[in-house]
Amino acid sequence: DTGVSQNPRHKITKRGQNVTFRCDPISEHNRLYWYRQTLGQGPEFLTYFQNEAQLEKSRLLSDRFSAERPKGSFSTLEIQRTEQGDSAMYLCASSLGRGTSTQISGANVLTFGAGSRLTVL
Amino acid sequence: AQTVTQSQPEMSVQEAETVTLSCTYDTSESDYYLFWYKQPPSRQMILVIRQEAYKQQNATENRFSVNFQKAAKSFSLKISDSQLGDAAMYFCAYSENFGNEKLTFGTGTRLTIIP
């Protein structure tokens, strides 16, 4: 397993265009998370899925943002009518869920992808 | 709402020396998790160390250890025998014990290792 994969790694778009990011989690992980990280800040939670169900969405996720995980495997994050304020790194992470041992003993650990950087001109 | 504060935007340390990164947090919960994540330049974030709030013993992972002061809501990271590969952004993060991994992150500390 090569870890969490995100594509594209960098997207440059003009204001008003739609963009879509894809995340492929570690295959046996049932939880998938999206975070947004702006320059000089820590990541902020956007949404998460358990299998195909979207269980929580942040207030940061405006109606221009939509995330899906149709078959409980990969996920997509679409941003419609992009604005300059959407410029950020979009991070995906996955986990096995409660009660599973990981490389650091205890409970659930998030494995992050390298991120998809969005630049809106 | 929970908040995580890292008051040191940048830190530097001589190679082979010890450095401590500070983190404070605010929560009304009694059971939660605390984490330190490392984000090297242009690379993905990786977990360094994890602490469960109900455990009094401070977590350690090789050269990395924490000083967890629950009453003071403080969670500092100590890196011993600093190595060039330790250079990165370090984020402190908090998670409630609700059965998911939704994290609240601090703003990060950029650590520079001086050869």
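Residues numbered from 1 in each chain as written. Chains lettered and ligands numbered in written order. Predicted model: local features only at pLDDT ≥ 70, side-chain atom pairs only at ≥ 80, totals over all residues. Heavy atoms only, no water.

Asks: Explanation requested: the interface of chain A and chain B in the structure shown.
Replies: Interface size is often expressed as the accessible area that is lost when the parts come together. With 26 residues of chain A in contact, the opposing surface of chain B contributes 24 residues. Taken over both partners, the interface formed by chain A and chain B buries close to 1,900 Å², and the fraction arising from carbon and sulfur atoms is 51%. Put simply, chain A and chain B have two salt bridges between them. Residue B:K102 pairs with A:E56 through a salt bridge whose shortest N-O separation is 2.5 Å. For the interface between chain A and chain B, the tally reads seven residue pairs in polar contact (both at pLDDT 80 or more). (Contact = heavy atoms within 4.5 Å. Buried area = accessible area lost by both parts, 1.4 Å probe. Salt bridge = Lys/Arg side-chain N within 4 Å of Asp/Glu carboxyl O. Polar contact = N/O pair within 3.5 Å; in protein donor to acceptor, adjacent residues only side chain to side chain.)

Asks: I keep staring at the layout of surface pockets and nothing clicks. Help me out?
Replies: Looking at the largest pocket, its volume works out to about 670 Å³. Residue lining of the largest pocket: 25 residues in total, with A:F45, B:Q2, B:K102, B:L103 and B:T104 positioned closest to the centre. Mapped by element, the contributors of at least two residues to the lining of the largest pocket are β5 (44-50) and β6 (53-57) of chain A together with β1 (3-5), β10 (88-96) and β11 (104-105) of chain B. A class-by-class count of the residues in the lining of the largest pocket yields nine nonpolar, ten polar and six charged. (1 Å grid on protein atoms, 1.4 Å probe; cavity = no way out; pocket = protein on both sides within 12 Å on 5 of 7 lines; lining within 4 Å. Points joined across faces, edges and corners; volume = space filled by probe spheres on them. Helix = DSSP H or I, 4+ residues; strand = E, 2+ residues; numbered from the N terminus. Nonpolar A, V, L, I, M, F, W, Y, C, P; charged D, E, K, R; others polar.)

Asks: So what exactly am I meant to see when it comes to the pairing of strand β7 (residues 65-68) of chain A here?
Replies: Residues and elements named next belong to chain A. What you see with β7 is a clean split: F65 and A67 sit on the buried side and S66 and E68 on the side with no burial. Note: β7 against strand β8 (residues 75-79), four bridges, orientation antiparallel. Each residue of the ladder has a partner; that of F65, found in β8, is I79. Taking the residues that link successive antiparallel strands as the turn, the β7-β8 hairpin has six residues, and the phi of G72 there is positive, at about 75 degrees. (Buried < 20%, exposed > 50% of the residue type's maximum accessible area, 1.4 Å probe, protein only. Pairing = 2+ DSSP bridges.)

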